[in-house]
Protein chains: 2
Amino acid sequence: MSKRPAGRLELLDDVGYLLARSSGIAVRHTNDALAEVGLRVRQYSVLSAACDTGGISQRALSDFLGLDPSQIVALADELQRRGLVERVPDPRDRRTRLITPTDAGRQVYAQSKAAAEAASERSLAPLTDDERGILRELLRRVVTVTSREPAVASEASSAR
Amino acid sequence: MSKRPAGRLELLDDVGYLLARSSGIAVRHTNDALAEVGLRVRQYSVLSAACDTGGISQRALSDFLGLDPSQIVALADELQRRGLVERVPDPRDRRTRLITPTDAGRQVYAQSKAAAEAASERSLAPLTDDERGILRELLRRVVTVTSREPAVASEASSAR
DNA sequence: TCGAATAGTTGAGACTGTCAATCATTGATA
DNA sequence: TATCAATGATTGACAGTCTCAACTATTCGA
């Protein structure tokens, strides 16, 4: 019998809060599910992008995942240490190193993907299939449009 | 210019990933906006709940925000140190201390709420008003249904 | 009354977000 | 072509967050 706070909680109208809260729930479920293959959700996302592309530069990974380049280094180190990815020098630009999945990496990815999907199922239990589709499309727009922050740069500035 | 990874990125179909990514975007925008009043989004959420309820136990706060009780302690400490909330002993249970807003706290909350709404506006720029409403409803269901998972889910319904 | 459960607190360890600085390489240009 | 700015990767640092375990004070039930 958790005592439900009486007042009207404005946070429940705040999409920013709701995003953070539901993300927290999903991450927790996913980490729980991925524990069986010894991965965390961050490493899983890197492995996924590596497998889907067959090899992706750390810079592109950083852009795509919205993480600082230094975080990519640590994640790649760990995945490499466990033999799931390799750093392959890009012949066309010797500065970049392509994060490339190994066979073991692809195998682990297949397993972890199933686990991640089961976790997602749990997080989104309150929604119907149609609603999940709608949610996915809306979030995809937020992510793909917002993440490319071109030099449009209005006068407001100060961002980032 | 930005080299778009070639392969089909399955992460963009993963609602869990999309939630984490869009939450990250929203939190960044909100923290930027709240910087002008010297708050971070976590402190803002505590202050908001305190103001909306007029006084809420740390335990209820912990449940509502999905945070560990020890995190509430730190957040309340900081808000209290800055004179925005007080810890008022609950006469009906001397174990609990109600996190209660001060006048200054209510004032700062009003300002920060406007800032947070502006940030939300920025994060959700790709969506129409209708779509934002849909997103809010879907996320609210995920949060309010999923967050209560006591062993006995006897207390269903109620939520509107 | 006694023991289990609860509210709050403290402390620790791992993970995350953000910055600044460094090195090698690339690309543009005088 | 020599040079310099920009870029990709890396390291290190520091604050913030998540998750536990342990502890005290208080409440509640048998």
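Our subject is the structure listed above.
Computed from a predicted structure; not experimentally measured.

A.B. asks: Sorry, what's going on with the environment of Gln111 of chain A here?
C.D. replies: Looking at the element boundaries, Gln111 of chain A is found in helix 5 (residues 103-123). Residues Gln111 of chain A and Glu36 of chain A lie 75 residues apart in sequence; the distance between their C-alpha atoms is 9.5 Å.

A.B. asks: So what exactly am I meant to see when it comes to the protein's contact with DNA strand D here?
C.D. replies: Every one of the 20 residues lining DNA strand D counts as a neighbour, but Gln58, Arg59, Arg95 and Arg97 of chain A together with Arg42 of chain B are closest to it. Here Asp68 of chain B contributes a side-chain N or O atom positioned 3.3 Å from a base nitrogen of DNA strand D. For the surface near DNA strand D, the secondary structure elements donating two or more residues are helix 3 (58-65), helix 4 (69-81) and strand 3 (93-101) of chain A together with helix 4 (69-81) and strand 3 (93-101) of chain B. A class-by-class count of the residues in the surface near DNA strand D yields 3 nonpolar, 6 polar and 11 charged.

A.B. asks: Help me understand the pattern of salt bridges in this model?
C.D. replies: Two side chains of opposite charge can pair, provided their charged atoms sit close to one another. Counted under the stated rule, the structure contains 22 salt bridges over all chains. Taking the shortest distance from any N to any O, the salt bridge between Asp13 of chain A and Arg140 of chain B comes out at 2.7 Å. Here Asp13 of chain A, found in the segment before helix 1 (15-34), pairs with Arg140 of chain B, found in helix 6 (residues 129-147), and the two come from separate chains. Look at Asp13 of chain A and you get partly exposed, because its relative accessible area is 25%. With relative accessibility at 13%, the residue Arg140 of chain B sits in the buried group.

A.B. asks: Just checking my understanding: could you explain the packing of aromatic side chains for this structure?
C.D. replies: The way to describe two aromatic rings as a pair is by their centre distance and the angle between their planes. All names here are of chain A. Here the structure, examined in full by the defined rule, presents 4 aromatic pairs over all chains. Look at Tyr44 and Tyr109: their rings are 6.0 Å apart centre to centre, the planes differ by 40°, and that puts the pair in the tilted class. Of this pair, Tyr44 sits in helix 2 (residues 41-53) while Tyr109 is found in helix 5, placing the two residues 65 residues apart along the sequence. Note on accessibility: Tyr44 and Tyr109 belong to one class, buried.

Thresholds applied
- Residues numbered from 1 in each chain as written.
- Chains lettered and ligands numbered in written order.
- Predicted model: local features only at pLDDT ≥ 70, side-chain atom pairs only at ≥ 80, totals over all residues.
- Heavy atoms only, no water.
- Helix = DSSP H or I, 4+ residues; strand = E, 2+ residues; numbered from the N terminus.
- Near = heavy atom within 4 Å.
- Polar contact = N/O pair within 3.5 Å; in protein donor to acceptor, adjacent residues only side chain to side chain.
- Nonpolar A, V, L, I, M, F, W, Y, C, P; charged D, E, K, R; others polar.
- Salt bridge = Lys/Arg side-chain N within 4 Å of Asp/Glu carboxyl O.
- Buried < 20%, exposed > 50% of the residue type's maximum accessible area, 1.4 Å probe, protein only.
- Phe/Tyr/Trp six-rings, centres within 6.5 Å; stacked < 30°, edge-to-face > 60°.

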